[in-house]
Amino acid sequence: MKIEEIIKEKPHLQSPLELYEKTRNFVNQCKEDKERVKLDSDIDLIDIVLKNFSSIFNIPFESVSFLKDEVIKSGKDPIKEPGSLWFLPIHSEELSKEEIERMLFIFSKPFFVFLRKEAEQQSFMDTGKCPVCGTDSSLAMITENNERIMICPLCEHGGSFFRIGCPYCFNKDSTKIEILLDDEEIRAEVCLECNTYIKSFRENHYIKYRDPFLIDLVSLPLDIVVQKRGYIRRSPNFIGLRIIE
Ligand SMILES: [Zn+2]
Ligand SMILES: [Zn+2]
């Protein structure tokens, strides 16, 4: 389904869906460029990401190029530690602290995706976290064989996890897990033991939307319902939102 069609169906989600589309293009374009261009050094990757960040989000290049200096000054390697990008000291008079955080989150996304190796099959079983980048996941797909695949919000790695159970506290008692459904039957699985939730969807949702992160966004109203009841989402969605009001 095309984004424009989804927006027509769900006009209340227009702005997050438009941001989703840009972020998706941004990540995909960076991935493509990385494969196409022969890089002399890791630092060149920052240029590729900045160039796409500027063009896709319509920000003048001069306004974002300082990020490269900040990365170099920080002494951290964003290729090995993409999470270090969230702590770049950015001061701005136009942007709020929250907006800066979301900007850095989106900027860091391609670097997380670069960490991932296609066809890698590590599971989430040991810690409940992403085995590639160590991030908590709040999103899972239930396959036709009734297997649960957790999906990392940052590097996009998918790996199996117990069919029933909370990936944060490992509660596996199904009487302490409550299921809420939205009108498309996308689910919130609420853990009554640690007060967190994840969202899950089935393969038919995947066939319709083609991207787990898009399914996460079309079901944003479900997050609002669950969070109003006091449950916590541990990891942000594709556009950097974790607390949804
Ligand atoms: Zn990951
Ligand atoms: Zn739990």
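The sections below set out a description of the structure shown in this document.

Calculation rules
- Residues numbered from 1 in each chain as written.
- Chains lettered and ligands numbered in written order.
- Predicted model: local features only at pLDDT ≥ 70, side-chain atom pairs only at ≥ 80, totals over all residues.
- Helix = DSSP H or I, 4+ residues; strand = E, 2+ residues; numbered from the N terminus.
- Rg over C-alpha atoms; globule rule 2.2 N^0.38 Å.
- Buried ≥ 20, exposed ≤ 12 C-beta atoms within 10 Å, placed from the backbone.
- Contact = placed C-beta atoms within 7 Å.
- Axes fitted to C-alpha atoms, helices over the stretch in contact; angles between N-to-C directions.
- Left-handed = near helix turned anticlockwise from the far one by under 90°.
- Nonpolar A, V, L, I, M, F, W, Y, C, P; charged D, E, K, R; others polar.
- Arc of directions from axis to C-beta.
- Pairing = 2+ DSSP bridges.

**Describing the overall build of the protein**
Scanning the protein from terminus to terminus reveals 9 helices and 6 strands. Expected size for 245 residues packed as a compact globule is a radius of gyration near 18 Å; at 18 Å, the protein falls within 12% of this value. When burial is assessed residue by residue, the protein has 31% of its 245 residues classed as buried. Across the protein, every contact between residues at least 6 apart in sequence was considered, and the portion connecting residues at least 24 apart equals 48%.

**A short note on the packing of helix α2 (residues 14-36) against helix α3 (residues 42-56)**
One way to put it is that α2 packs onto α3 with a least axis distance of 9 Å and a crossing angle of 145°. With respect to the hand of their crossing, α2 and α3 are arranged in right-handed fashion. Where α2 approaches α3, its residues K22, N25, F26, Q29, C30, D33 and K34 are matched on the opposing element by L45, I48, V49, N52, F53 and I56. Its residues assigned to classes, the contact of α2 with α3 comprises 7 nonpolar, 3 polar and 3 charged.

**A few points about helix α9 (residues 220-228)**
Within α9, the full set of buried residues consists of L222, D223 and V226. All buried residues of α9 project into a common sector of 105° when viewed along the axis, lining one side. Pointing more than 90 degrees away from the buried face of α9 are the exposed residues I224 and K228. Elements in contact with the buried residues of α9: β4 (177-181), β5 (187-191) and β6 (196-202). In the segment just after α9, G230 is the residue with positive phi, at about 100°.

**Notes on the environment of T196**
Here T196 lies in strand β6. Between the alpha carbons of T196 and Y168 there is a distance of 7.8 Å; along the sequence they are 28 residues apart. Setting aside chain neighbours within four positions, we find T196 in contact with C166, Y168, C191, Y231, I232 and R234.

**Concerning the sheet that holds β6**
Taken together, the 6 strands give an open sheet; going across it, the order is β3-β2-β1-β6-β5-β4, and neighbouring strands pair in mixed fashion. With one partner strand each, in any of the chains shown, β3 (158-161) and β4 form the two edges of the open sheet. Going from strand to strand, the sheet's axes swing by 30° on average, the running direction of each strand aside.

**Notes on the environment of I198**
Tracing the backbone through its elements, the reader meets I198 in strand β6. With 30 residues separating them along the chain, I198 and Y168 place their C-alpha atoms 9.7 Å apart. Once you skip the residues sitting within four places of it in the chain, I198 turns out to touch S138, L139, A140, P167 and E189.

**Side note on the pairing of β3**
Two elements, strand β2 (residues 148-151) and β3, share 4 bridges in a ladder whose sense is antiparallel. For M150, the partnering residue across the bridge sits in β3 and is G159. If you look at the hairpin formed by β2 and β3, you'll find 6 residues sitting between the two strands, and E156 has a positive phi there, around 75°.

Any functional reading would require information beyond the geometric quantities listed.
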